[in-house]
Amino acid sequence: MRFSETVDEIDKEIGDEQDNDFDPLAPLNELNGNANMSSTNTPSTQTCKKSKKRSRNEDPIVGVLKDSVSRFDNIRTEASDSIKLLADCFKFEVDAVTRRMKVFDERKQIEGLIAAQRLKVGQLLVHDQVNVDYFFTLDEEIKLDFLLQLLD
C-alpha cells in the first residue's frame with residue numbers, strides 16, 4: 001500500500017468517526033438546556049466536549065505528519081552538511097589548482113636557474129602540494145635555495 005493510499009484510508013476512517021459523533025438532536029438539546037438554565041449542562045460545555053473528542057481523533061494523523069516532517073528535516077540537515085563538505089573539498093581543489101598555476105609565474109621570476117632546471121623544478125613542485133604550499137610561504141631570497149635543494 002502506498003503512502004497516499006494509507007493517508008486516504010486514515011482520512012476516511014476519521015471522517016466516519018466524526019459522522020458517528022454527529023448528533024442530529026444537538027440543536028434541540030441546546031434549546032432544552034437554555035430553557036432549563038442548568039449550569040452543569042450548558043450548550044457551551046457540550047460543544048467543548050465534542051471539540052475535544054474531535055481533536056483526539058486527529059492526533060494520530062497529526063502525530064504521523066509531525067514525525068514525517070521531523071524525519072525529512074533531519075534528512076535535509078544531513079544532506080546539507082554533506083553538500084557543505086563536498087563544496088569545501090571542491091574549493092580546496094580549485095585553490096590547489098590556482099596555486100599550481102602560480103608556480104610557473106613565480107618560477108620565471110627567480111633568477112639563477114637555467115631552462116632545464118626550471119622545467120624540472122616545475123614538475124617537482126606541481127606533483128607535491130606540500131612543497132607548493134611551502135614554496136609560497138618562503139621569502140623571495142630563500143626561494144632559489146629551496147628550488148636548488150629540490151633538484152638535488
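Residues numbered from 1 in each chain as written. Predicted model: local features only at pLDDT ≥ 70, side-chain atom pairs only at ≥ 80, totals over all residues. Heavy atoms only, no water.

### Details of the environment of Leu148
For Leu148, the position within the fold is in helix α6 (residues 140-151). Separated by 31 residues in sequence, Leu148 and Gln117 have C-alpha atoms that sit 8.5 Å apart. Those residues in contact with Leu148 that sit more than four places away from it in its chain are Leu113 and Gln117. (Helix = DSSP H or I, 4+ residues; strand = E, 2+ residues; numbered from the N terminus. Contact = heavy atoms within 4.5 Å.)

### Overview of the side chain of Glu106
Note that Glu106 resides in helix α3 (residues 43-109). Within the local environment of Glu106, its side chain forms a polar contact with the side chain of Lys143, the two groups lying 2.9 Å apart. Non-local contacts of Glu106, meaning those with residues more than four positions away in its chain, are made with Phe135, Phe136, Glu140 and Lys143. (Polar contact = N/O pair within 3.5 Å; in protein donor to acceptor, adjacent residues only side chain to side chain.)

### Description of helix α5 (residues 129-137)
Listed as buried for α5 are Asn131, Val132 and Phe135. End-on view of α5: buried residues confined to an arc of 100 degrees, all on one side of the axis. Turned more than 90 degrees off the buried face of α5, the exposed positions are Val130 and Thr137. (Buried < 20%, exposed > 50% of the residue type's maximum accessible area, 1.4 Å probe, protein only. Arc of directions from axis to C-beta.)

### Notes on the packing of helix α4 (residues 115-126) against α6
It is the contact of α4 with α6, at a shortest axis distance of 10 Å, that shows an interaxial angle of 85 degrees. The angle between the axes of α4 and α6 places the two elements in the roughly perpendicular class. Counting all contacts with α4, which are made through Gln117, Lys120, Val121, Leu124 and Leu125, the residues of α6 involved are Phe146, Leu147, Leu148, Leu150 and Leu151. Taken together, the residues that form the contact of α4 with α6 break down as eight nonpolar, one polar and one charged. (Axes fitted to C-alpha atoms, helices over the stretch in contact; angles between N-to-C directions. Parallel < 35°, antiparallel > 145°, perpendicular 65-115°, else oblique. Nonpolar A, V, L, I, M, F, W, Y, C, P; charged D, E, K, R; others polar.)

### A word on the nonpolar core
Residues Val103, Ile110, Leu113, Val121, Leu125, Val132, Phe135, Leu138, Phe146 and Leu147 constitute the largest nonpolar core, which totals 10 residues. Within the residue set of this core, elements represented by two or more residues are α4, α5 and α6. Leaving out residues up to four positions away in the same chain, Val132 has contacts with Arg99, Arg100, Val103, Leu125 and Val126. (Core = buried A, V, L, I, M, F, W, Y, C linked by side-chain atoms within 4.5 Å.)

### As for the confidence of the model for the protein chain
For the protein chain, the mean per-residue pLDDT works out to 75, and 68% of the residues sit at or above 70. Predicted confidence in the protein chain is weakest over helix α2 (residues 26-36), with a mean pLDDT of 55, and strongest over α6, with 88. (pLDDT = per-residue confidence, 0-100.)

### Let's talk about the side chain of Asn131
Here Asn131 shows up in helix α5. Once you skip the residues sitting within four places of it in the chain, Asn131 turns out to touch Leu125, Phe146 and Leu150.

### So, the pattern of salt bridges
This model, assessed by the stated rule, comprises four salt bridges. For the salt bridge of Asp73 with Arg76, the shortest nitrogen-to-oxygen distance reads 2.9 Å. A residue pair is termed a helical-turn pair when its members lie 3 or 4 positions apart in one helix, as Asp73 and Arg76 do in helix α3 at three residues. Of the charged contacts in the structure, one is a salt bridge between Lys143 and Glu140, with a shortest N-O distance of 3.3 Å. Here Glu140 and Lys143 lie together in helix α6, a separation of three residues that amounts to about one turn. A relative accessible area of 49% places Glu140 in the partly exposed class. (Salt bridge = Lys/Arg side-chain N within 4 Å of Asp/Glu carboxyl O.)

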